[in-house]
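Here are the chains, one letter per residue:
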Amino acid sequence: MSESAVLHIRGRVLVGPEEVRDELWAVDGRITYRRPAAARDVTTVTGWALPGLVDAHCHVGLDAHGPVDDSTSEKQALTERDAGALLLRDAGSPSDTRWIDDREDLPRIIRAGRHIARTKRYIRNYAHEIEPEDLVAYVAQEARRGDGWVKLVGDWIDRETGDLGVCWPRGAVEAAIAEAHRLGARVTAHCFAEETLAPLVEAGIDCVEHATGLTEETIPLFAERGVAIVPTLVNIATFPKLADGGQAKFPRWSDHMRRLHARRYDTVRSAYDAGIPVYVGTDAGGSLAHGLVGAEVAELVRAGIPPLAALSATTWGAREWLGRPGLTEGAPADLVVYEDDPRADVRVLTAPRRVVLRGRVIG
């Protein structure tokens with residue numbers, strides 16, 4: 001479809017949880033609900049339309065071994081796009097993927113810079129590995145490099161104790177989060193363990209990734225402070241395999257990971273019931289494949305989150321949280337069209353009928 005062509009979406013346009021329209025148009029890559037006058041070259045697509053899905057935790061430019069080349073990063077972004085994920089929050093990558101911003105056929109990325117981890121307390125080649133006295137400086141550096149987010153590694157296996165352990169002293173975290181906020185960036189953290197959470201929330205953190213360690217003691221604190229979580233349940237599903245691999249060397253850690261996995265659905269449902277904002281993220285790009293956003297929505301529903309709320313966690317609500325528009329007048333025409341109503345069965349999300357990016361049908 002040429003730049004001057006008009007795209008007509010007809011059927012049911014899910015503008016919001018309660019707002020449904022019969023049609024929209026994309027003119028010059030932008031959404032309008034006003035029929036274009038004297039449109040010549042019109043392409044019509046029918047079905048159920050949603051805003052481009054959000055994967056609020058993935059890693060473009062990263063694989064199991066560390067940074068990847070541009071060709072691999074491109075394939076990762078294309079896989080997300082073809083799954084309908086048109087807005088990605090990259091939760092830490094050692095690769096420079098700014099060139100993707102110039103590609104009209106690839107998803108938009110909101111970057112958190114590179115992970116910041118404690119020395120020898122994270123996956124090799126992923127993060128800046130530093131000590132607490134350098135945390136503020138590195139947070140400031142990544143706040144300037146990113147797109148409004150910074151990513152910390154809040155806990156990881158401590159080889160001395162043989163279990164998950166907190167990575168940062170409280171004072172260092174408080175100072176680092178304050179510096180990020182001063183620079184206009186929000187802070188999120190990778191957290192599996194229970195004891196990591198309260199100090200981070202009390203220090204002013206904005207979001208927690210995975211959050212498998214939430215308990216009845218910390219859930220009210222998250223809810224009171226409005227701290228969001230991105231559970232990444234498709235990634236938490238790998239915990240038993242990880243635990244089996246570490247059983248001989250770190251039995252305490254392995255048992256801990258199995259317990260966190262066993263209560264994962266109860267944890268997420270309790271967080272949602274308490275009013276904690278929950279968003280969709282897959283953790284794709286490390287050892288996990290890209291393109292799993294639909295599967296993650298289904299996991300949230302399996303955990304007990306109502307289907308409409310799970311949809312919002314990857315569409316309307318997620319876009320609002322990240323400061324990006326949905327299907328509003330004048331917004332970029334980034335949307336996904338499905339054969340059936342995704343509100344009736346979220347599994348529809350795994351099979352997009354058409355993907356529209358900047359007003360162009362690309363899949």
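To start, this report covers the structure provided alongside it.

Cut-offs applied
- Residues numbered from 1 in each chain as written.
- Predicted model: local features only at pLDDT ≥ 70, side-chain atom pairs only at ≥ 80, totals over all residues.
- Heavy atoms only, no water.
- Pairing = 2+ DSSP bridges.
- Helix = DSSP H or I, 4+ residues; strand = E, 2+ residues; numbered from the N terminus.
- Phe/Tyr/Trp six-rings, centres within 6.5 Å; stacked < 30°, edge-to-face > 60°.
- Buried < 20%, exposed > 50% of the residue type's maximum accessible area, 1.4 Å probe, protein only.
- Lys NZ or Arg CZ within 6 Å of the ring centre and 35° of its normal.
- Axes fitted to C-alpha atoms, helices over the stretch in contact; angles between N-to-C directions.
- Parallel < 35°, antiparallel > 145°, perpendicular 65-115°, else oblique.
- Contact = heavy atoms within 4.5 Å.
- Nonpolar A, V, L, I, M, F, W, Y, C, P; charged D, E, K, R; others polar.
- Expected span 1.5 Å × (residues − 1).
- Arc of directions from axis to C-beta.
- Core = buried A, V, L, I, M, F, W, Y, C linked by side-chain atoms within 4.5 Å.

Here the focus is the pairing of strand β1 (residues 6-14). In this sheet, strand β4 (residues 42-51) lies alongside β1 in parallel orientation, the contact comprising eight bridges. Along β4, the bridge assignment pairs R10 with T46. Pairing of β1 with strand β2 (residues 20-27), which is carried by seven bridges, proceeds in the antiparallel orientation. Bridge pairing in β2 places V6 opposite V27. Here β1 folds back onto β2, and the loop between the two strands holds five residues.

This brings us to the packing of aromatic side chains. Within this structure, the stated rule accounts for five aromatic pairs. Consider the rings of Y122 and Y126, whose centres lie 6.0 Å apart with planes at 75 degrees: the pair is edge-to-face. Neither residue differs from the other here; Y122 and Y126 are each classed as buried. Residues F192 and F239 carry aromatic rings whose centres are separated by 4.9 Å and whose planes lie at 75 degrees to one another, so their mutual orientation is edge-to-face. Pair noted here: F192 is in the loop between β15 (186-191) and α4 (197-202) and F239 is in helix α7 (residues 239-246), with a separation of 47 residues, a long-range link. Across the pair, exposure class does not vary: F192 and F239 are buried alike. One aromatic cluster is present, formed by Y122, Y126 and W156 through successive ring pairs. The cationic tip of R21 hangs over the ring face of Y33; the distance from NZ or CZ to the ring centre is 4.1 Å. Over the ring of Y265 we find R264; its NZ or CZ atom is 4.2 Å from the centre of that ring.

Another aspect to go through is the packing of α7 against helix α8 (residues 251-262). Running from N to C, α7 and α8 cross one another at 170 degrees; their axes reach a closest spacing of 8 Å. Judged by the inter-axis angle, α7 sits roughly antiparallel to α8. Residue-level contacts link F239, P240, L242, A243, D244 and G246 of α7 to P251, W253, S254, M257, R258, L260 and H261 of α8. Tallied by class, the residues present in the contact of α7 with α8 amount to eight nonpolar, three polar and two charged.

Moving on to helix α1 (residues 70-82). End to end, α1 covers 18 Å across 13 residues, agreeing with the expected 18 Å (1.5 Å per residue, within 8%). Buried within α1 we find S73, Q76, A77, E80 and R81. Buried residues of α1 fall within an arc of 140 degrees about the axis and therefore sit on the same side. Contacts made by the buried residues of α1 are with β5 (53-58), β6 (62-63), β8 (85-90) and β19 (354-357). G84 lies just past α1 and shows a positive phi near 95 degrees.

Turning next to the nonpolar core. If you look at the biggest cluster of nonpolar residues, it comprises 87 residues, and the most contacted ones within it are L135, I205, F222 and L300. Not counting the four nearest positions on each side in its chain, F222 is found in contact with L197, V201, V208, L214, V227, I229 and I276. Counting 15 residues, the second largest nonpolar core, distinct from the first, contains V13, Y33, A49 and L335.

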